[in-house]
Amino acid sequence: MAVQLVHFPHSWWEFPVRRYGKCVGSGVYDVPWNTAGSHFRRLVNHPGQYVNQANECHDGDLDFWTEWECETRAASLPRSLPCGQPFAEFEHSVKYPSVPKPHNGVTCCENTDPCVFGMTFKYCFCRQSQVHLRNLARGSVILFGSRNNGIYFVDTIFVVGASAQPYTLATTNTIAASQAYHRASLGPLIGIRSTTAYSFYRGATFAEPVNGMFSFTPARIHGRGNYHERCKVDLGALNRICPIRTCSNGLFNIDSCQRATVRVFDDSIARAVWTEIRRQVENNGFLLGTHFDWPTP
């Protein structure tokens with residue numbers, strides 16, 4: 001079966017807490033919706049479920065890098081921890097999303113996409129002006145991550161778990177998802193002038209995998225080791241998976257920092273790539289974060 005492998009580079013930068021947040025105590029900030037005009041990554045501390053190397057699922061207090069553009073409470077990390085790239089300066093506790101507030105009829109905040117909270121991971125909009133991203137088959141694998149100083153850091157491995165649901169920005173109400181998701185990921189799209197038919201995807205889960213694959217984000221148990229570190233992935237090793245006659249240009253563009261690359265391959269290659277990503281993530285000391293409940297209202 002033919003599926004797509006997607007290399008999806010996105011912004012590296014940690015959210016600038018001191019610039020946009022309000023200090024409410026020693027090293028503690030209330031952070032509003034992101035209105036900076038660009039996306040950021042954040043280290044989030046949140047209870048969730050993870051899968052270990054023995055393929056066992058457990059609950060835990062996890063830290064993980066993700067995109068989250070809604071309100072948080074951010075706390076500066078202890079000075080005893082390593083600082084500077086690729087380590088976080090702040091750790092965020094997410095808050096239940098408020099209603100995005102339009103400005104002159106158009107929302108001025110960024111949307112969270114992909115979103116790892118809720119029953120499944122979800123992806124709905126970002127860079128879907130590229131038509132190939134609107135036609136991903138079940139079992140396709142998206143590698144969301146960032147490149148900095150020649151090193152690639154992954155934050156979300158998204159396995160498409162079901163056929164895409166087409167929608168337009170005028171019909172977001174047809175997407176069956178929680179109120180929190182509508183606020184965090186779909187609400188900020190209101191007011192954008194577009195008649196494009198976008199695609200809403202749900203990720204495969206550990207309980208319901210596709211071809212043995214499920215969506216995950218690299219995570220660590222809170223407080224253990226360098227829990228605030230990003231997870232490196234060697235794209236060169238991924239490129240060596242595919243025979244040169246099949247992948248003459250390589251699976252992934254190691255130098256790409258912006259444009260998403262979509263390539264079509266047999267599902268056996270997608271499974272091999274996913275397996276190698278999992279191996280690297282685990283060898284780097286990370287767990288596979290597979291589920292995170294929404295914060296309570």
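Preceding block: the structure.
Residues numbered from 1 in each chain as written. Predicted model: local features only at pLDDT ≥ 70, side-chain atom pairs only at ≥ 80, totals over all residues. Heavy atoms only, no water.

Q: Describe the overall build of the chain, listing the residues and the values that go with them.
A: Per the secondary structure count, the chain includes four helices and 18 strands. For the chain, the C-alpha radius of gyration of 18 Å lies close to 19 Å, the compact-globule estimate for 297 residues. Once the C-alpha set of the chain is aligned to its principal axes, its extents read approximately 60 × 50 × 35 Å. Sequence-distant contacts, at least 24 apart, represent 74% of the contacts inside the chain between residues at least 6 apart. Summed over its atoms, the accessible surface of the chain is roughly 13100 Å², and 50% of this surface lies on carbon and sulfur atoms. Separation of charge centres in the chain, based on 28 positive and 23 negative side chains, amounts to 5 Å. (Helix = DSSP H or I, 4+ residues; strand = E, 2+ residues; numbered from the N terminus. Rg over C-alpha atoms; globule rule 2.2 N^0.38 Å. Contact = heavy atoms within 4.5 Å. Areas by Shrake-Rupley, 256 points an atom, 1.4 Å probe, with all protein chains shown as cover. Lys, Arg positive; Asp, Glu negative; His and termini not counted. Charge placed at Lys NZ, Arg CZ, Asp CG, Glu CD.)

Q: Describe the state of the cysteines, and please don't skip the residues or the numbers.
A: What the rule picks out here adds up to zero disulfides. This cysteine, cysteine 83, is not joined by any disulfide, and cysteine 23 carries the nearest cysteine sulfur, 19 Å off. With no disulfide partner, cysteine 124 has as its closest neighbouring cysteine sulfur the one in cysteine 115, 8.8 Å distant. Of the residues examined, cysteine 124 reaches a relative accessible area of 0% and is grouped as buried. (Disulfide = S-S within 2.5 Å. Buried < 20%, exposed > 50% of the residue type's maximum accessible area, 1.4 Å probe, protein only.)

Q: Explain the pairing of strand S7 (residues 90-94) to me, and be specific about the residues and the numbers.
A: Judged by how many residues are buried, S7 sits mostly within the fold: four of five residues are covered. Judged from the five bridges that link them, strand S6 (residues 72-76) and S7 form a sheet pairing that is antiparallel. Looking at S7, one finds that alanine 75 is bridged to glutamate 91. (Pairing = 2+ DSSP bridges.)

Q: Tell me what's going on with the pairing of strand S5 (residues 57-66), and back it up with residues and numbers.
A: Sheet topology places strand S4 (residues 42-51) next to S5; ten bridges connect them, and they run antiparallel. Within the sheet, the bridge partner assigned to valine 51 lies in S5 and is cysteine 57. Connecting S4 to the antiparallel partner S5 that follows it, the hairpin turn spans five residues, and asparagine 55 within it adopts a positive phi of roughly 65°. With three bridges joining them, S5 and strand S15 (residues 217-221) adopt antiparallel strand pairing.

Q: With reference to specific residues and values, describe the pattern of salt bridges.
A: Evaluated as defined, the whole model comprises ten salt bridges. In this structure, glutamate 67 and arginine 41 form a salt bridge, with 2.4 Å as the shortest nitrogen-oxygen distance. Taken as a pair, glutamate 67 in the loop between S5 and S6 and arginine 41 in the loop between strand S3 (28-31) and S4 lie far apart in primary sequence, 26 residues in all. Between arginine 41 and aspartate 155 there is a salt bridge, with the nearest N and O atoms lying 4.0 Å from each other. (Salt bridge = Lys/Arg side-chain N within 4 Å of Asp/Glu carboxyl O.)

Q: How would you sum up the packing of aromatic side chains? Please name residues and give values.
A: Evaluation of the coordinates by the stated rule reveals 22 aromatic pairs. Taking the centre distance of 5.7 Å and the plane angle of 70° together, the rings of tyrosine 123 and phenylalanine 144 count as edge-to-face. Taken together, the residues span a long stretch of sequence, with tyrosine 123 in strand S10 (residues 122-123) and phenylalanine 144 in strand S11 (residues 141-148) at a distance of 21 residues. Seen in terms of ring centroids, phenylalanine 214 and tryptophan 274 are 5.1 Å apart; in terms of plane orientation they differ by 75°. Their pairing is edge-to-face. Taken together, the residues phenylalanine 214 in the loop between strand S14 (198-202) and S15 and tryptophan 274 in helix H4 (residues 267-283) connect sequence positions 60 residues apart. The exposure class of phenylalanine 214 is buried, given its relative accessible area of 3%. (Phe/Tyr/Trp six-rings, centres within 6.5 Å; stacked < 30°, edge-to-face > 60°.)

Q: Lay out the environment of aspartate 61 with the relevant residues and their values.
A: Of note, aspartate 61 is situated in strand S5. Spatially, the C-alpha atom of aspartate 61 lies 21 Å from that of proline 86, the residues being 25 residues apart in sequence. Discounting chain neighbours no more than four positions away, the residues touching aspartate 61 are Asn45, His46, Pro47, Arg220, Ile221 and His222. Reaching out from aspartate 61, the side chain makes a polar contact with the side chain of asparagine 45 at a distance of 2.8 Å. (Polar contact = N/O pair within 3.5 Å; in protein donor to acceptor, adjacent residues only side chain to side chain.)

Q: Mind laying out the nonpolar core, listing which residues take part and the relevant values?
A: Membership of the largest hydrophobic core comes to 43 residues, with the highest contact counts inside it found for Phe8, Phe117, Tyr123 and Tyr167. The set of elements that each furnish at least two residues to this core consists of strand S1 (2-9), S4, S5, S11, helix H2 (179-186), S14 and S15. When residues in this core are grouped by element, the largest group, four residues, is from H2. Among all residues touching phenylalanine 117, those that are not within four sequence positions of it are Val44, His46, Phe64, Trp68, Val94, Lys122, Phe292, Asp293 and Trp294. Judged by nonpolar contacts, the second largest core, of 29 residues, contains Leu5, Val51, Tyr152 and Ala270. (Core = buried A, V, L, I, M, F, W, Y, C linked by side-chain atoms within 4.5 Å.)

Q: Please provide a residue-by-residue account of the side chain of asparagine 45, values included.
A: Inspection of the secondary structure puts asparagine 45 in strand S4. Those residues within four positions of asparagine 45 in sequence are excluded, and the remaining contacts are Asp61, Leu62, Asp63, Glu91, His92, Ser93 and His222.

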